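So the chains spell out like this:
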Amino acid sequence: MTFNAFLQNLSNGISLGFLFALIAIGYSMVYGILNLINFAHGDIFMMATFFAYYAIAFFSLPWGIAFFLAIVLTAVLGVLVDRFAYRPLRNSPRISCLCSAIGMSFLLENFAIVVFGGRPKAFFRPEVFTKVFVMSGVRIHSVSIVTPIIAILALLALTYIIYRTKTGLAMRAISRDFDTANLMGININKTIAVTFAIGSGLAATGAILWALRYPQIYPYMGIFPGWRAFAAAIMGGIGSIRGATLGGFLVGLLTIMIVAFLPALAGYKDAFIFVGVIIVLLWKPKGLFGED
Amino acid sequence: MISKKMRNNNKLNCLVILLVIIFVTIAERSFDAYVIRILNLCAIYIILGVSLNLINGFTGQFSLGHAGFMAIGAYASALLYMSPQIKEVNYFITPLIMPFRVIETSFFVSLIFAGLVAALVGFLVGAPCLRLKGDYLAIVTFGFAEIIRVVFNNLQSVTNGPLGLKGLPIYTNLWWTWGIAILTVLVVKNIVNSSYGRALKSIRENESAAEAMGVNLFFHKSLAFTVGAFFAGLGGALLGSLVMTIDPNTFSFLLTFQLIVIVIVGGLGSITGTIIAASAIAVLMELLRAVEAPMNIFGLHVPGIPGMRMLIFAILLMTVVLFFKQGIMGNKEWSWEGLFKIIFPKQRDIKEGD
Amino acid sequence: MSVLKIDSIYMQFGGLTAVSNFNLELKEGELVGLIGPNGAGKTTIFNMLTGIYKPTKGRVYFYDREINGLGVDRITSLGIARTFQNIRLFSNLSVLDNVKVGTHVHIKSPIWKAIMHWPSYLKEEDSIDEQAMELLKVVHLDKLKDHLAGSLPYGEQRRLEIARALATNPKLLLLDEPAAGMNPQESRDLMKFILDIQDKFKLTIVLIEHDMKVVMGICKRIMVIDYGETIAEGKPLEIQHNPEVIKAYLGVEAATNYA
């Protein structure tokens, strides 16, 4: 492989890594606080793109507002999912929550099929995102430049919220010890709602960046990034935001690199992600980087 | 005496089996093809649901990998019951490996093979999952099922890859499906009501206490996975020969999801509940198919709403999980004793010792 | 031959030493008490004996057979049974089924005979049923045999746990705070009960307890653990007057009450 090709793959991998990181954080945050794997997270990701799509297509909003609105609506969606599918089951056996999460995932997917239609739609791509820069033989999409910037900003905002605000303190307390936090007067439901809002908002950000990069949206589009981001969260140590970020990069790079370096195994790439998850869960359940 | 009760139960159960045989005979002769297809699906869903319930409901190991075992069963049996000619037609890109290329066996033999291979894989999947709990077990089993799907998608020389297998001969009929359904229910019921079944349930209730009482976790969890996978393999094989076409995506998570709905709606700890739910959902699936296809109502062309079926199922699952956690039957089973108590409520003082 | 020979066992979790240098030799028919402040390591010792933890150092011999490192279910099959401090019953199973689970470890029929309702298996089910009912009668729970274990009041749950442990046909019974939460009358009944079952089932018993009346009342020998170390060992009277023990655990007042 030429050096150029290597750089190309590297830049793709890093860009993808950021996207997975944004989604993976949502999985980690919810798991850290609720010990629940939010199966519906990938589908919330998918809904964000449709929110943006219809905001532009139906309501003719300028893309900046449409994207922002989509992120907000998705955050609200995340809160609603928790409110109606997970909150009633707080005190139920884990299996109930798991089934609820799976059911929610299917519900969102099929709702999208019924309401939006199963055929892929073309996502609107503003002018500024269609430019491609060529640097020493490597094609860099403008989206690939914007992605890290937005992602880093989002991560900084997240870090600020978690470590500098009372809500963030509450979130950390709950993930350490649910019962004590409850007894200390922390409003559990409100804090959990905020967690979902932030996680979903981040996923929505990732979703729009994703749709700008791969502008075909369809109801099942959340499955592929969802499972990869989930794998990233697991490998980084589920419950850990830092782990989710690092895991996101790992998965992003691996996704691109495996196809690039081992084209013969390209058909198996979906399996690799699960092999990775299984190995991590069996061998180092706290993740490759340990717990946060 | 417990043994006397069991013997009596067995006699009464034979009666039920006889009734089913009579029913199947009549059905084979006089029902139309559509109804027969639904009856076949009912039986297959019973096989799949009951086998899943053994793992998820009675042993408390929440496995999401059932579709994987079905896929293995479907392909394993197809590789044996397909004639060499059909094989050649299908495997036109890469020929099927030997000896399968030239072998053709009876449906019966292929079923046994399917069950055994699926059981073996069930054992291999269950073994590493021993120490995993709840969500993690679900993820790992899901992962195994996905890996199986991807591998099948790529092994052209064995499975014909994404092209799948077409033109499978229809061997599945009411005798096979209901016969195996009865077998599944009997085997699982006998396991569950035995000392081994109590051990499985104790694992579900409290693993550490179960171990402390001498229950070997490895043996019993493997038992659940292996037996569950065996019947899932049979179910998959029957399904394959019913729908005549299989490809790696036939046995997707969607199918596992339907089984989860069946098991939850019927009640995680109840075979009876699973039977009822499986039949109901098999029928519902077919009826709802109408909703997804375009219809002509009074001359108005109403376009079908694809995705509606699964949306309804998702809502059904959510409703049960949120409001009817126990499902239809919860932990309760049909029992001859229970029936007599309802019919003859006054005779409540009959002692165990007879 | 001693029932149990514990040879200098240690339990270390990372940097923390939970149990250090614990030694004990038990003869058949003994009733030994294990007392000490909360967190002293008593349950950890039970966990080491039953295979939940493997001792970091040292050995355990059960009837001259080395058992440290064996699996939990294996050790139970050899004849050691226990109850738990925080009661771990099978809540959604019936009272009778809870006890029957205990008998499973010694079942002779293989799984295929059970599935096929082989006559020899059906006979075994009968004897399991008999044995379980016998045990329920001993703990006075036979009338509640079909009730859900989780629906029982606390005291009955404790008795059920003991019946379940007895179902495994143990030679050595480890009771972890069986009197917890009991009123004085219940504790007195429990004392008599423990002595009765010891006699009836020919058991050797080790008892963890905080209720001093129970401990001093039925134990012939007592070991006192504090911070993982054995600080005293001897007969009840000796222990009561042992200054180390008084300092660490009993308190001067208590010592005078039990004299």
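Look up: the structure comes first, before these words.
So, here's what we can say about the structure.

Calculation rules
- Each residue is numbered by its place in its chain's sequence as written, counting from 1.
- As they are written, the chains are lettered A onward and the ligands numbered 1 onward, keeping that order.
- With the structure being a predicted model, the display of local features is reserved for residues of pLDDT at least 70 and the display and counting of side-chain atom pairs for 80 or more, all residues being used for whole-chain, interface and lining totals.
- Heavy atoms throughout the structure, all of them, feed into the side-chain values; hydrogens and water do not.
- Only runs of H or I of at least four residues qualify as helices and only runs of E of at least two qualify as strands under DSSP, and these elements are numbered from the N terminus.
- The reference for a compact globule is 2.2 Å times residues^0.38; the radius of gyration itself is calculated from the C-alpha atoms.
- For every residue, the accessible area obtained with a 1.4 Å probe (protein chains only) is divided by the maximum for its type, and the residue is called buried under 20%, exposed over 50%, and partly exposed between those limits.
- Using the Shrake-Rupley algorithm and a 1.4 Å probe, accessible areas are obtained, with residue cover drawn only from the displayed protein chains.
- In this charge count, Lys and Arg are treated as positive and Asp and Glu as negative; neither His nor the chain ends contribute.
- Every charge is mapped to an atom, namely NZ of Lys, CZ of Arg, CG of Asp or CD of Glu.
- To qualify as a nonpolar core, a set must consist of buried Ala, Val, Leu, Ile, Met, Phe, Trp, Tyr and Cys residues joined through side-chain atoms within 4.5 Å.
- Residue contacts are defined here by distance: any two heavy atoms, one from each residue, within 4.5 Å place the two residues in contact.
- Buried area: the accessible area, evaluated with a 1.4 Å probe, that two parts lose upon being put together, summed over both parts.
- Think of a salt bridge as a Lys or Arg side-chain nitrogen and an Asp or Glu carboxyl oxygen that are within 4 Å of each other.
- Classes in brief: Ala, Val, Leu, Ile, Met, Phe, Trp, Tyr, Cys and Pro nonpolar; Asp, Glu, Lys and Arg charged; the others, Gly included, polar.
- Each polar contact in these results corresponds to two N or O atoms within 3.5 Å; when the atoms are within protein, one needs to be able to donate a hydrogen and the other to accept it, and residues that are neighboring in sequence are counted only if both atoms are side-chain atoms.

## Regarding the overall build of chain C
Part 1: The secondary structure content of chain C amounts to 10 helices and 10 strands.
Part 2: Relative to the 2.2 N^0.38 estimate, which gives 18 Å for 259 residues, the radius of gyration of chain C is 19 Å and therefore close to what a compact globule would have.
Part 3: The buried share of chain C, reckoned over its 259 residues, is 58%.
Part 4: Counting every atom, chain C has about 11,300 Å² of accessible surface; 52% of that belongs to carbon and sulfur.
Part 5: Placing the 30 positive and 32 negative side-chain charges of chain C at their respective mean positions leaves the two points 3 Å apart.

## Considerations on the nonpolar core
Part 1: With 209 residues, the main nonpolar core has A:Phe39, A:Tyr86, A:Met104, B:Leu64, B:Trp178, B:Phe251 and B:Phe257 as its most contacted residues.
Part 2: The dominant element in this core, judged by the number of residues it contributes, is helix 2 (residues 33-58) of chain B, at 16 residues.
Part 3: Setting aside anything within four residues of it in sequence, one finds B:Leu64 in contact with A:Phe39, A:Ile102, B:Ala138, B:Thr141, B:Phe142, B:Ala145, B:Phe253, B:Thr256 and B:Ile260.
Part 4: C:Leu136, C:Ala149, C:Met182 and C:Val245 belong to the second-largest nonpolar core, a separate cluster that totals 47 residues.

## Re the interface of chain B and chain A
One frequent convention defines the size of an interface as the accessible area lost when the parts assemble.
Part 1: Between chain B and chain A, the contact holds 38 residues from the first and 39 residues from the second.
Part 2: Between chain B and chain A the total buried area reaches about 3,300 Å² when both faces are included, carbon and sulfur atoms providing 82% of it.
Part 3: When the area that chain B buries against chain A is broken down by residue, the three leading residues are B:Asp135, B:Tyr136 and B:Ile139, summing to 20%.
Part 4: Applying the counting rule to chain B against chain A returns 1 salt bridge.
Part 5: For the side of chain B that touches chain A, the elements supplying multiple residues, two or more each, are helix 6 (134-154), helix 12 (253-266) and helix 14 (308-323) of chain B.
Part 6: For the side of chain B that touches chain A, the element with the highest residue contribution is helix 6 of chain B, accounting for 13 residues.
Part 7: Across the side of chain B that touches chain A, the residue classes tally to 31 nonpolar, 3 polar and 4 charged.

## Description of the interface of chain B and chain C
Part 1: Of the residues lining the interface, 33 residues belong to chain B; the matching set on chain C comes to 34 residues.
Part 2: Interface area lost by chain B to chain C is led by B:Tyr196, B:Arg198 and B:Met213, which between them contribute 26%.
Part 3: Our count for the contact surface shared by chain B and chain C stands at 1 salt bridge.
Part 4: For the salt bridge of B:Arg198 with C:Glu125, the shortest nitrogen-to-oxygen distance reads 3.2 Å.
Part 5: Applying the counting rule to chain B against chain C returns 16 residue pairs in polar contact (both at pLDDT 80 or more).
Part 6: Those elements that place two or more of their residues in the side of chain B that touches chain C are helix 1 (2-30), helix 8 (174-192), helix 9 (195-205), helix 10 (207-212) and helix 11 (217-243) of chain B.

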